[in-house]
Amino acid sequence: MGPPRRAEDRSQPIAEIDVLWITAGLGCDGDTIAMTAAMQPSIEDIVMGALPWIPKVRFHNPFLALENGEEFVKAFHLAAEGKLQPFMLVLEGSVPDEGNKDEGYWASMGTDRTTGQPITTCEWIDRLAPKAWAVIAAGTCATYGGIHAMEGNPTGCMGLPDYLGWGWRSKAGIPIVCVPGCPVQPDNFMETLLYLLNMAAGRAPMIPLDDALRPAWLFGSTLHEGCDRGGYYEQAQFAEEYGSPLCIVKLGCWGPVVQCNVGKRGWMGGIGGCPNVGGICIGCTMPGFPDKFMPFMDQPPGSLLSSAAVQTYGRAIQALRRFTQASLNKEPSWRNRRNSAETRGDA
Ligand code: SF4
Ligand code: SF4
Ligand code: SF4
């Protein structure tokens, strides 16, 4: 196949690519852990070459690597020096504001070989992003700041688009690709990575992203639009406490306005997903998370109006449906000839 190709231009198919994954943003590493549950495809499918027609992938993630210390960061140094091409950069965790204090640092990975000083996460981003074929933000901390960027936090942290700029594009002309979720739904991330690998192979057009830089096909619908509990909502059957199969909007579910697919997709192998297992949606895929969704567990303000409106006709509809259902649960009268004949005294 020859040596890896430089990828200044997307018309050149890429045969091999490195994925450099930094978990040294302000985060909890939950996105990497979530990724080990991915099945569509799994990490193993990608790195073991189980999928045809995509580039060979070398995956560098500190949690999943056998190497550690200097041996692990070697690929990152080479990439920063322009000696490892092409590569995708993945950031997990939010980007702190290293300029908001007089001393110390908020986040780092590895040490500078000459000074022995920590290399901050911001320095890694500054060194690697301009050389990356594509940049992906994994999880809500990396995409929009997430929990660490809550009002009043001392780090001044932010998501990658706020750090690099919302109009930023990689050397291959690709915008920052944001796959939010706290943590990110495993298959959402791996499917996005697979899309980009197909792009790298010259087999897919530019990845479609929405205004928040999320893959449009994954985040185009609200949770509510695909929720298993939607029928209960429509009939105004609302749970008053946890443990009920009914709609949980009154317990604090933000599903009607949150763009998320876990209701349909589940969490692992189609199983799980917040409302499917009784969990209210707290809006973790949204740029306004968490501040705009707090206090959690209060009924969302907009839903007070919509659930009250649903209440006025939902119960009437439910009663009518029960009536129809009772009829549909009976066989048509002509199938019961024997009883009819007995009744008539013909038998
Ligand atoms: Fe952890 Fe959530 Fe941040 Fe991911 S988005 S690093 S899971 S807090
Ligand atoms: Fe909508 Fe949430 Fe109720 Fe599901 S549980 S139907 S997402 S309000
Ligand atoms: Fe996050 Fe809500 Fe989706 Fe659960 S359902 S993953 S809380 S956006």
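Asker: So what about the site of ligand 1? Which residues, and what values?
Answerer: Around ligand 1, a shell composed of Gly27, Cys28, Gly30, Asp31, Gly139, Thr140, Cys141, His148, Gly181, Cys182 and Pro183 is seen. Listed by contribution, the elements that provide at least two residues to the shell around ligand 1 are α1 (30-35) and α5 (140-144). The residue inventory of the shell around ligand 1, partitioned by class, reads four nonpolar, six polar and one charged.

Asker: Pulling in residues and values, what's your account of the site of ligand 3?
Answerer: What surrounds ligand 3 is the set Leu223, Val258, Cys260, Val262, Cys274, Cys281, Ile282, Gly283, Cys284 and Thr285. Residue composition of the shell around ligand 3, by class: eight nonpolar, two polar and no charged.

Asker: Residue-level account of helix α7 (residues 186-200), with values.
Answerer: Every α-helical turn comprises 3.6 residues, leaving residues that sit three or four positions apart pointing alike. Taking 1.5 Å per residue as the helical rise, α7 with its 15 residues ought to reach 21 Å, and the 21 Å between its terminal C-alpha atoms agrees with that figure. Along α7, 13 of the 15 residues are buried, which leaves the element largely enclosed by surrounding structure. Its side-chain oxygen at 2.7 Å from the backbone nitrogen of aspartate 187, glutamine 185 defines the N-terminal cap of α7. Glycine 202 sits one or two positions beyond α7 and adopts a positive phi of about 80 degrees.

Asker: An account of the environment of glutamate 240 is requested, with residue identities and associated values reported.
Answerer: Relative to the helices and strands, glutamate 240 resides in the loop between α9 (230-234) and α10 (262-265). When sequence neighbours within four positions are dropped, the list of residues in contact with glutamate 240 reads Lys250 and Leu251.

Asker: Quick one: what's the story with the sheet that holds strand β3 (residues 87-92), residue by residue and with numbers?
Answerer: Here five strands make up an open sheet; going across it, the order is β2-β1-β3-β6-β7 and the pairing parallel. Edge positions in the sheet fall to β2 (56-60) and β7 (177-179), since each of these pairs with one other strand and no more. For this sheet, the mean inter-axis angle between neighbouring strands, taken without regard to orientation, is 20 degrees. Where strand β6 (residues 134-138) lies against β7, three bridges are found, and the strand directions are parallel. Looking across to β7, one finds that isoleucine 136 is bridged to valine 177.

Asker: Pulling in residues and values, what's your account of helix α4 (residues 121-128)?
Answerer: Of the residues making up α4, those classed as buried are Thr121, Cys122, Trp124, Ile125 and Leu128. Taken down its axis, α4 places every buried residue within 160 degrees of arc, on the same side. At its buried positions, α4 is contacted by β1 (16-22), α3 (69-80), β3, β4 (108-111), β5 (118-120) and α6 (160-164).

The rules behind the values
Residues numbered from 1 in each chain as written. Chains lettered and ligands numbered in written order. Predicted model: local features only at pLDDT ≥ 70, side-chain atom pairs only at ≥ 80, totals over all residues. Heavy atoms only, no water. Near = heavy atom within 4 Å. Helix = DSSP H or I, 4+ residues; strand = E, 2+ residues; numbered from the N terminus. Nonpolar A, V, L, I, M, F, W, Y, C, P; charged D, E, K, R; others polar. Expected span 1.5 Å × (residues − 1). Buried < 20%, exposed > 50% of the residue type's maximum accessible area, 1.4 Å probe, protein only. Polar contact = N/O pair within 3.5 Å; in protein donor to acceptor, adjacent residues only side chain to side chain. Contact = heavy atoms within 4.5 Å. Pairing = 2+ DSSP bridges. Axes fitted to C-alpha atoms, helices over the stretch in contact; angles between N-to-C directions. Arc of directions from axis to C-beta.

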